[in-house]
Amino acid sequence: MSDLSTTSTQSRPAAAGPDLRSRRADFPILATTNRHGKPLVYLDSAATSLKPQAVIDAADAYNREYSSNIHRGIYEIAERATTAYEGARASVAKLINAPEPAEIVFVRNATEAINLVAYSWGRRNIGRGDSIVLTEMEHHANLVPWQLLVQEKDGDLEFVPITDDGLLRLEVFEVLLHLKPKLVAFTHVSNMLGTVNPVREMTEMAHAAGALVLIDGAQAVPHMPVDVQELGVDFYVFSGHKMLAPTGSGALWARRELLEAMPPFMAGGDMIREVHLRRSDWNEIPWKFEAGTPDISAQIGMGAAAEYLMAIGLDAVRDHEHEMVAYALEVLRRDVPGIELYGPAADRRGGVVSFNLPGIHPHDVAQILDRSGICVRAGHHCTMPLHERFDLAASARASFNVYTIREEIDALATGLREVARIFDR
Ligand code: C6P
């Protein structure tokens, strides 16, 4: 089988330019092999990304050199920790062009950020008969918190349907806006179809109807320039671990006046200004929403990841991943007979390609690919309603990042032909 294992380490990045070659060297895990001695072909970056040395070092330095709590100690290492943590917030704010770091609330992941908005803003602003518009392509993280909210408040959920090509049907969205929803919440980039949604256009439509807009940017921030001011949205959420940062890091951005008007989500230490036995006053934003000791090293790592991405340039990141996805669609369609590919054309999608080999369960596909060191995701990717929409029980998914190279996509195509051969298709 002619996969990466038959290619020498030196020749592996040969088709990539010098920048990409040195970038791959930034990710220590790419030098590892699996238990069969095959080099890692990591095509599951939508689940979580690999981490570059700069991020590993930043998180490690906190644990080795200045492990201490933030916002509390008046001694040198504690001050260093606070400075690094708040510096990370400034880097993350810069990454998405937030007007000020105080509008960035650090959370564990995108899921927590959406729950924060659903509990805090949602419980204060959604009442009986109020509707929230979502889409049929939402990750469960941007669906289930809203289900809980409308069940509790006796509100309604409405859904923008999808075309067979995996695009949102904006003419239906326009009709749903006649219901005067309080909130429109949708994903910037679908984690299954890869669809890049027209956030700015939909936000303008939603605002004209009087709704606020929450964007799930978990699959967008790592892969393309995101400017929350230019998009004009009200809430924007994303996870650190998909943008080259450690697990346990994430961010919610919202406009200052929204955050100031929202009640706390969790209560405890650090989120208060003054506490009496029977009442308390809240700290300023963003700390009002950061109760208890956070994952300090992870958030410091997230700041380093933001700096790493900005040093490459988000335009360059997007262009590289666009090249990878266009190449993948071409190669898989051409070289893997019978493959079913889901989602729109390359010019409308991020670095995600979901597929099925007819008659072969995606778990079997993933397991056989694993023998060659190729990592893909198989299952419903936390988008069960979306799979139902396409009459699928599951799919396999390859997803890309700044370190992905064409040879890995070639290896995937070769691996898939091998899977078909094993199953006699
Ligand atoms: N999608 C995937 O393999 P968390 O788990 O909170 O970091 O991210 C949740 C989430 C929210 N929105 C979108 C669009 C996502 O893709 C994800 C995470 C991973 O597709 C894990 S299920």
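Residues numbered from 1 in each chain as written. Predicted model: local features only at pLDDT ≥ 70, side-chain atom pairs only at ≥ 80, totals over all residues. Heavy atoms only, no water.

## What to know about the overall build of the protein
Using the following cut-off: By definition, any uninterrupted DSSP run of H or I lasting at least four residues is a helix, any uninterrupted run of E lasting at least two residues is a strand, and each is numbered from the N terminus. As a reference, a globule follows 2.2 Å times the number of residues to the power 0.38, and the radius of gyration itself is taken over C-alpha atoms. Any residue under 20% of the maximum accessible area for its type is buried, any over 50% is exposed, and the rest in between are partly exposed; the area is computed with a 1.4 Å probe on protein chains only. For this analysis, residues touch if any pair of their heavy atoms sits within 4.5 Å. With residues, only the protein chains shown are counted as cover, and all accessible areas are computed by Shrake-Rupley using a 1.4 Å probe. In this charge count, Lys and Arg are treated as positive and Asp and Glu as negative; neither His nor the chain ends contribute. A charge is said to be at NZ when it belongs to Lys, at CZ for Arg, at CG for Asp and at CD for Glu.
On a plain count of helices and strands, the protein comes out with 14 helices and 15 strands. Rg of the C-alpha trace for the protein: 22 Å, near the compact-globule value of 22 Å for 425 residues, within the 12% margin. Viewed in the frame of its principal axes, the protein has a C-alpha envelope of about 70 × 55 × 35 Å. In the protein, buried positions account for 56% of the 425 residues. Here the contacts in the protein between residues at least 6 apart in sequence split such that 72% fall between residues at least 24 apart. As presented, the protein carries roughly 17,500 Å² of accessible surface, and 50% of it is formed by carbon and sulfur atoms. Side-chain charges of the protein comprise 41 positive and 56 negative groups, with the mean position of each set lying 3 Å from the other.

## Some details on the site of the ligand
Worth spelling out the cut-off: Residues are counted as near a molecule or strand when any one of their heavy atoms sits within 4 Å of it. Think of a polar contact as two N or O atoms within 3.5 Å of one another; within protein, one of them needs to be a possible hydrogen donor and the other a possible acceptor, and neighboring residues in sequence only count if both atoms come from side chains. The residue classification treats Ala, Val, Leu, Ile, Met, Phe, Trp, Tyr, Cys and Pro as nonpolar and Asp, Glu, Lys and Arg as charged. All others, Gly included, are polar. Residue ranges for the domains originate in an automatic or database domain assignment.
With respect to spatial proximity, 18 residues lie near the ligand, and among them Thr-111, Asp-216, Ser-239, His-241 and Arg-377 are the closest. The contact in question runs from an oxygen atom of the ligand to an N or O atom on the side chain of Ser-239, over 2.7 Å. Computed on the free molecule, the ligand has an accessible area of 500 Å², of which 90% lies beneath the protein chains in the complex. Of the residues assigned to the shell around the ligand, the class counts are 6 nonpolar, 8 polar and 4 charged. Mapped onto the domain boundaries, the shell around the ligand takes at least three residues apiece from domain 1 (56–311) and domain 2 (314–422).

## Brief notes about the sheet that holds strand β11 (residues 340–342)
Let me state the cut-off plainly: We call two strands paired when DSSP finds no fewer than two bridges between them. Orientation is described by lines fitted to C-alpha atoms, with helices fitted over the stretch in contact, and by angles between N-to-C directions that extend from 0 to 180 degrees.
Here we have 4 strands laid out as an open sheet, ordered β11-β12-β15-β14, and antiparallel in their pairing. The open sheet is flanked by β11 and β14 (377–379), the only strands paired with a single partner. Direction aside, the axes of adjacent strands within the sheet are offset by 30° on average. Summarising the sheet, strand β12 (residues 352–356) and strand β15 (residues 395–399) pair through 4 bridges and their orientation is antiparallel. Paired with Val-352 across the strands is Ser-399, a residue of β15. Contacting β11 and β12, helix α11 (residues 314–335) crosses the sheet at an angle of about 20° to β12.

## Some points on the packing of α11 against helix α14 (residues 406–422)
Between two packed helices, the angle of one axis relative to the other and the distance separating the axes together describe the packing. The criterion, for reference: The cut-offs work like this: below 35 degrees is roughly parallel, past 145 is roughly antiparallel, 65 to 115 is roughly perpendicular, and the gaps in between are oblique. Should the near helix be turned anticlockwise from the far one by less than a right angle, the crossing is left-handed, and should it be turned clockwise, the crossing is right-handed.
Interaxial distance between α11 and α14 falls to 10 Å at its minimum, and their mutual angle equals 25°. Classed by the angle they form, the pair α11 and α14 counts as roughly parallel. In this structure, the crossing between α11 and α14 has a hand that is right-handed. In this structure, α11 uses Glu-323, Met-324, Tyr-327, Ala-328, Val-331, Leu-332 and Asp-335 to contact α14, whose residues at the interface are Arg-406, Ile-409, Asp-410, Leu-412, Ala-413, Leu-416 and Arg-417.

## Observations concerning the confidence of the model for the protein
Note the following rule: Predictor confidence is given residue by residue as pLDDT, running from a minimum of 0 to a maximum of 100.
Summary statistics for the protein give a mean pLDDT of 94 and a share of 96% for residues scoring 70 or more. Element-level mean pLDDT values for the protein span from 82 in helix α1 (residues 18–25) up to 99 in strand β5 (residues 183–187). Scored below 50 in pLDDT, residues 1–15 shows 30 contacts in the model against residues more than four places distant or in partner chains.

## Quick look at the sheet that holds strand β3 (residues 131–135)
Across the sheet, which stays open at both edges, the 7 strands sit in the order β2-β8-β7-β6-β5-β3-β4 with mixed pairing between neighbours. A single partner strand is all that each edge strand has here, and the edge strands are β2 (104–107) and β4 (156–160). This sheet shows a mean twist of 20° between the axes of neighbouring strands, independent of strand direction. With 3 bridges joining them, strand β6 (residues 212–216) and strand β7 (residues 235–239) adopt parallel strand pairing. Each residue of the ladder has a partner; that of Asp-216, found in β7, is Val-237. Sheet strands touched by helix α3 (residues 76–95): β2, β7 and β8 (250–254). Its angle to β2, the strand with the most contacts, is close to 115°. Across the sheet, helix α4 (residues 110–125) lies against β2, β5, β6, β7 and β8, angled at about 150° from β7, the strand it touches most.

## With respect to the side chain of Asn-283
Inspection of the secondary structure puts Asn-283 in the loop between β10 (280–282) and α10 (296–312). Contacts of Asn-283, omitting those with residues within four sequence positions, involve Asp-270, Met-271, Ile-272, Arg-273 and Lys-288.

## Describing the packing of aromatic side chains
Definition in use: Note on aromatic contacts: the rings of Phe and Tyr and the six-membered ring of Trp form a pair at centre separations within 6.5 Å, being stacked when their planes are under 30 degrees apart, edge-to-face when over 60 apart, and tilted otherwise. As a reminder, the over-ring test applies to NZ of lysine and CZ of arginine, requiring each to be within 6 Å of the ring centre and within 35 degrees of the ring normal.
Counted under the stated rule, the structure contains 7 aromatic pairs. Look at Tyr-236 and Phe-238: their rings are 6.2 Å apart centre to centre, the planes differ by 65°, and that puts the pair in the edge-to-face class. The buried category is assigned to Tyr-236, whose relative accessible area is 0%. Among the residues examined, Phe-238 registers a relative accessible area of 0% and is labelled buried. Lying across the ring of Phe-106, Arg-89 places its NZ or CZ 4.8 Å from the centre. Across the ring face of Tyr-327, the terminal group of Arg-406 is positioned such that the distance to the ring centre comes to 4.4 Å.

## Points about the side chain of Ser-120
The topology assignment puts Ser-120 in helix α4. Looking at Ser-120, its side chain comes within polar contact range of the main-chain oxygen of Pro-263, at 2.5 Å. Beyond its immediate sequence surroundings of up to four residues, Ser-120 is in contact with Met-262, Pro-263 and Phe-289.

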